[in-house]
Amino acid sequence: DDAGYSILQTADSSYVILGSTESLGNGSSDIWLIKTDHKGTVHWFQYFGGTQYDEARYIQQTSDEGYIISGTTKSYGFGGSDIWLIKTDPSGLIEWNTCFGGTHNEHGGQVLQTSDGGYIISGTTKSYGFGGSDIWLIRTNSQGDSLWTKTFGGTGLELGADVQILEDGGFILLGSTE
């Protein structure tokens, strides 16, 4: 199975598609990044992942015309599934990547580049917080190193879905709660 999850139009009027592939790659499911021209002709594609299940649904073009991808990996990290942040150059080649998580399951949500060149990631954690699963907000520098994290939730299940940057530099989160 191959699937598309997100598409964005780049500054040069081409398109970048983020999806998953089981046809190509290294494992049961890998992240698939495809660049096409405005007519859909493929210019290049890259896939990322290990031998286990890896997926991503959130992408943004960065100020250097590369891409930042937020996903979830079972192939790498600290146990269970972890948030996987991947930074690529304009050709989709990995510049750096990092994982966030603990011994339980984490899932990556929206990622945005901040005005200082760092990143803000929304997601879900079962390793940290107050019980069940909690919304997890992660702030990084331009190289993906964690500057701070914050969890939101109670003893039930909370899921982080989206984050937006406010005019005053703060953040607004969208998720669900029990």
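Anyway, here's the lowdown on the structure attached to this text. (Residues numbered from 1 in each chain as written. Predicted model: local features only at pLDDT ≥ 70, side-chain atom pairs only at ≥ 80, totals over all residues. Heavy atoms only, no water.)

So, on to the overall build of the protein chain. Secondary structure assignment for the protein chain yields zero helices and 14 strands. Going from N to C terminus, the protein chain has its helices and strands arranged as β-β-β-β-β-β-β-β-β-β-β-β-β-β. The globule rule puts the C-alpha radius of gyration for 178 residues at 16 Å, and the 16 Å found for the protein chain is close to it. Along the first, second and third principal axes, the C-alpha atoms of the protein chain reach 50 × 40 × 25 Å. Looking at the 178 residues of the protein chain, the share that counts as buried comes to 44%. Expressed as a percentage of contacts within the protein chain between residues at least 6 apart in sequence, the contacts between residues at least 24 apart total 35%. Of the side chains in the protein chain, 8 bear a positive and 22 a negative charge, and the two mean positions are spaced by 1 Å. (Helix = DSSP H or I, 4+ residues; strand = E, 2+ residues; numbered from the N terminus. Rg over C-alpha atoms; globule rule 2.2 N^0.38 Å. Buried < 20%, exposed > 50% of the residue type's maximum accessible area, 1.4 Å probe, protein only. Contact = heavy atoms within 4.5 Å. Lys, Arg positive; Asp, Glu negative; His and termini not counted. Charge placed at Lys NZ, Arg CZ, Asp CG, Glu CD.)

Below, the discussion takes up a nonpolar patch on the surface. A cluster of nonpolar side chains, namely Val42, Phe45 and Tyr47, defines an oily patch on the protein surface of about 270 Å² accessible area. For valine 42, the position within the fold is in strand E4 (residues 42-48). (Patch = residues over 30% accessible without salt bridge, like charges linked within 9 Å, V, L, I, M, F, W, Y side chains within 5 Å. Areas by Shrake-Rupley, 256 points an atom, 1.4 Å probe, with all protein chains shown as cover. Salt bridge = Lys/Arg side-chain N within 4 Å of Asp/Glu carboxyl O.)

Moving on: unusual backbone geometry. You will see that serine 13, though not glycine, has its phi angle at about 70°, which is positive. You can see serine 13 is positioned in the loop between strand E1 (2-9) and strand E2 (15-21). You will see that glutamate 65, though not glycine, has its phi angle at about 70°, which is positive. You can see glutamate 65 is positioned in the loop between strand E5 (54-61) and strand E6 (67-73).

This part covers the pairing of E1. As paired elements, E1 and E2 share seven bridges and run antiparallel to each other. Paired with leucine 8 across the bridge in E2 is valine 16. In this antiparallel pair of consecutive strands, E1 and E2, the connection spans five residues, and serine 13 shows a positive phi of 70°. (Pairing = 2+ DSSP bridges.)

Here we take up the nonpolar core. Of all hydrophobic cores here, the largest spans 14 residues; its most connected members are Leu18, Ile31, Leu33, Phe48, Ile59 and Ile69. Taken together, the elements giving at least two residues each to this core come down to E2, strand E3 (30-36), E4, E5, E6 and strand E7 (82-88). Excluding its chain neighbours within four sequence positions, the residues that come into contact with leucine 33 are Val16, Ile17, Leu18, Trp44, Phe45, Gln46, Phe48, Ile59, Ile69, Thr88 and Gly92. Among the nonpolar cores identified, the runner-up in size contains 10 residues, and Ile68, Ile83, Trp96 and Tyr119 belong to it. (Core = buried A, V, L, I, M, F, W, Y, C linked by side-chain atoms within 4.5 Å.)

Right, let's talk about the packing of aromatic side chains for a bit. Counting across every chain of the model gives five aromatic pairs. Plain terms: the ring middles of tyrosine 76 and tryptophan 84 are 5.2 Å apart, the flat faces sit at 55° to each other, and that makes the pair tilted. The class for tryptophan 84 is buried, based on a relative accessible area of 3%. In this structure, arginine 57 packs its charged tip against the face of tyrosine 5, placed 3.8 Å from the ring centre. (Phe/Tyr/Trp six-rings, centres within 6.5 Å; stacked < 30°, edge-to-face > 60°. Lys NZ or Arg CZ within 6 Å of the ring centre and 35° of its normal.)

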